[in-house]
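In case you want the letters, here they are:
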Amino acid sequence: MALKAIVGQKIMDEVIKQNDVDKSLEEKLKLWRVLVVDQLSMRIISSCCKMHQITYERIAIVEHLNKNREPLPSMDAVYLITPCENAVDILIRDFSSPEKPMYKNAHVFFIEACQEELFNKLCNSVAAKKIKTLKEINIAFLPYESQVFSLDSRETFQCYYSPLLVSSRILNMERIAEQIATVCATLGEYPSLRYRSDFERNAELAQILQQKLNIYKADDPTMGEGPEKVRSQLIILDRGFDCVSPVLHELTLQAMAHDLLPIKNDVYKFEANVGSSIMKEVLLDDNDELWVENRHQHIVVISKKIIQQFKEFKDSKRMSTVDKDNPSMYDLSDMIKQTPQYQKELKKYLKHLNLTKDCMQHYTSNIDRLCKVEQGLAMGTDTMGKKINDHMQYIIPILLDSNVSSNDKMRIIILYVLSKNGISEDNLNKLIQQAQLSPIDKQAIINLNLLGINSVVDGNRTKQYQIPRKERISEQTYEFSRWTPVIKDVVEDSIEDKLDIEHFPFLAGRATLSGYYTLSSARYEHWHKDKDKGEPLIRNVPRIIIFVVGGVSFSEMRCVYEVTSNVKNWEVIIGSSHILTPEDFIKNLSALS
């Protein structure tokens with residue numbers, strides 16, 4: 001079952017739904033409640049639950065914990081919150097006045113494990129008498145797609161790599177380890193931990209994560225049970241393992257759209273009608289089957305395929321309004337007016353035709369030229385497979401071109417630095433001058449060294465371990481899409497048990513559980529019964545869970561789906577602190593100093 005569906009069902013079953021089958025209709029009508037959420041839990045709910053589902057279960061209003069709220073003392077409140085000091089203090093304050101409580105009663109659901117001190121603070125407060133339910137449901141992550149999760153933690157990039165934030169690093173690592181552990185708990189996994197040893201911080205994060213997993217395992221001994229689950233692995237990667245993929249212009253639809261178009265929070269805007277100033281906003285997510293089917297297709301394929309799909313739909317409905325196989329946006333807008341019974345489907349095609357058109361316009365205007373250079377730098381060979389000996393001849397025309405944006409020039413220079421395993425500062429200064437970039441841009445490139453990459457070198461270059469790359473170029477490979485993200489080799493090698501044990505070791509000394517005390521059930525016994533096991537939500541297959549510290553790119557997300565599709569009886573999940581576009585990656589590098 002898709003990650004989003006698992007989380008959505010868990011929220012509905014364990015948090016939202018009421019066990020009131022024995023109550024009369026009159027009693028049920030009185031049981032309308034308030035749902036109180038914080039920032040992360042609001043994003044989780046928005047990602048995997050529909051508002052009508054929540055309303056059907058008699059949630060009258062959704063309120064934000066940190067904002068001013070009107071008292072509703074006749075209603076119970078369902079709190080779905082992160083167990084932090086601020087949230088617990090606000091919860092206690094809601095019931096600090098027995099004569100004027102914010103709500104009638106509280107049903108509290110923490111999205112991750114609550115620390116002992118905060119638990120005791122809540123127990124000893126005036127709010128304790130009003131708490132009718134108190135549970136940890138272990139979903140402190142954002143299910144972004146069916147096989148992708150985010151921790152919604154952009155600050156992790158700075159905490160993990162910046163020398164200026166050493167003091168907050170351990171606290172951040174504790175936090176993200178707790179969140180990753182809730183992913184495993186949700187999936188019923190107790191995986192073997194591996195990490196890329198070439199970046200020393202990864203081992204420390206793996207150790208912290210193992211401690212968190214041990215506690216969850218002690219609370220639920222069924223985690224990771226079964227012959228298939230024994231093979232599951234969680235692999236921790238730092239962002240320095242592959243800095244090529246986050247900066248390349250990717251030509252599959254999802255990656256290309258997020259790179260080139262002003263898409264924010266997965267919302268795509270386009271003109272509602274030709275020549276109109278009114279902009280239509282649509283969401284690009286798993287609820288759109290056309291998006292799910294086409295998002296990983298190459299733009300050359302999808303630009304033809306979406307027109308063919310529209311034609312087949314039109315023919316199946318015997319719609320003769322438009323005779324052209326390649327309709328304009330005006331034609332589609334006209335069809336929507338004339339055939340209102342197909343409005344939903346036609347609007348979907350209108351969205352996707354606009355999306356592919358926008359991407360193709362960018363591609364034909366300048367991106368195709370950039371892709372040729374980028375692929376040459378990444379692969380070390382030209383489109384004919386011939387080794388490139390003079391990289392400067394490749395990049396100088398781009399750097400001198402005033403029509404190329406500063407961001408694109410930065411991407412070219414980063415790829416050049418990576419291809420040379422570092423360059424001298426004199427050479428970098430010349431490139432910065434030719435490209436007319438700023439000192440801030442120069443520093444961003446230098447900051448690659450904080451990710452363990454050779455950027456500016458004085459002649460001595462540390463030879464970095466490179467994961468053996470598979471030959472993937474065939475007759476079907478597009479010449480401007482020859483690069484395959486390194487993560488695909490990591491995943492496939494781990495499944496085939498070929499991943500280098502020296503550079504990707506298993507965490508040594510996995511702790512036994514006999515000494516651990518069943519934290520949650522012991523503390524929460526008087527607030528709730530043992531959770532209903534019910535029917536299992538999770539497929540009983542081994543998983544590879546990849547976690548990239550500091551952002552994952554859309555091209556890397558695509559690879560996870562490709563491997564899962566190609567390999568039988570395995571499932572691959574990928575997650576990160578946040579989802580990364582090339583622009584985000586360069587901004588993150590700039591902020592490191």
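Since this is a predicted model, take the numbers as computed values, not measurements.

Focus: the sheet that holds strand β9 (residues 233-238)
Spatial ordering of the open sheet is given by β6-β7-β14-β12-β9-β8, a layout of 6 strands whose pairing is mixed. This sheet does not close on itself; its edge strands, each paired only once, are β6 (142-145) and β8 (192-195). Strand-to-strand twist in this sheet, taken as the mean axis angle between neighbours without regard to direction, amounts to 25°. The sheet contact formed by strand β12 (residues 543-549) and strand β14 (residues 571-576) spans 6 bridges and is parallel. Residue Val 548 lies in a different strand from β14, and its bridge partner there is Ser 576. With respect to the sheet, helix α1 (residues 3-16) is in contact with β6, β7 (148-150) and β14, its orientation differing from that of β6 by roughly 145°.

Section: the packing of aromatic side chains
Inspection of the entire model under this criterion finds 10 aromatic pairs. With a centroid separation of 5.1 Å and an interplanar angle of 55°, the aromatic rings of Phe 157 and Tyr 161 are classed as tilted. With Phe 157 and Tyr 161 both in helix α7 (residues 155-161), this residue pair falls 4 residues apart, about one helical turn. Judged by its relative accessible area of 0%, Phe 157 is buried. Counting every residue linked through ring pairs, the aromatic cluster contains Phe 157, Tyr 160, Tyr 161 and Phe 199. Above the plane of the ring of Tyr 561 lies Arg 295, whose end atom (NZ or CZ) is 5.1 Å from the centre.

Notes on the nonpolar core
Within the largest apolar cluster, 147 residues are counted, with the highest numbers of intra-cluster contacts made by Ile 11, Ile 413 and Ile 546. Counting residues per element, this core draws most heavily on helix α14 (residues 343-379), at 10 residues. Apart from the residues lying within four places of it in its own chain, the contact partners of Ile 11 are Ile 16, Ile 44, Ile 45, Cys 48, Cys 49 and Ile 139. Core analysis: the next-biggest nonpolar cluster, separate from the first, contains 25 residues, Ala 87, Tyr 103, Phe 119 and Leu 122 among them.

Definitions and limits used
- Residues numbered from 1 in each chain as written.
- Predicted model: local features only at pLDDT ≥ 70, side-chain atom pairs only at ≥ 80, totals over all residues.
- Heavy atoms only, no water.
- Pairing = 2+ DSSP bridges.
- Helix = DSSP H or I, 4+ residues; strand = E, 2+ residues; numbered from the N terminus.
- Axes fitted to C-alpha atoms, helices over the stretch in contact; angles between N-to-C directions.
- Contact = heavy atoms within 4.5 Å.
- Phe/Tyr/Trp six-rings, centres within 6.5 Å; stacked < 30°, edge-to-face > 60°.
- Buried < 20%, exposed > 50% of the residue type's maximum accessible area, 1.4 Å probe, protein only.
- Lys NZ or Arg CZ within 6 Å of the ring centre and 35° of its normal.
- Core = buried A, V, L, I, M, F, W, Y, C linked by side-chain atoms within 4.5 Å.

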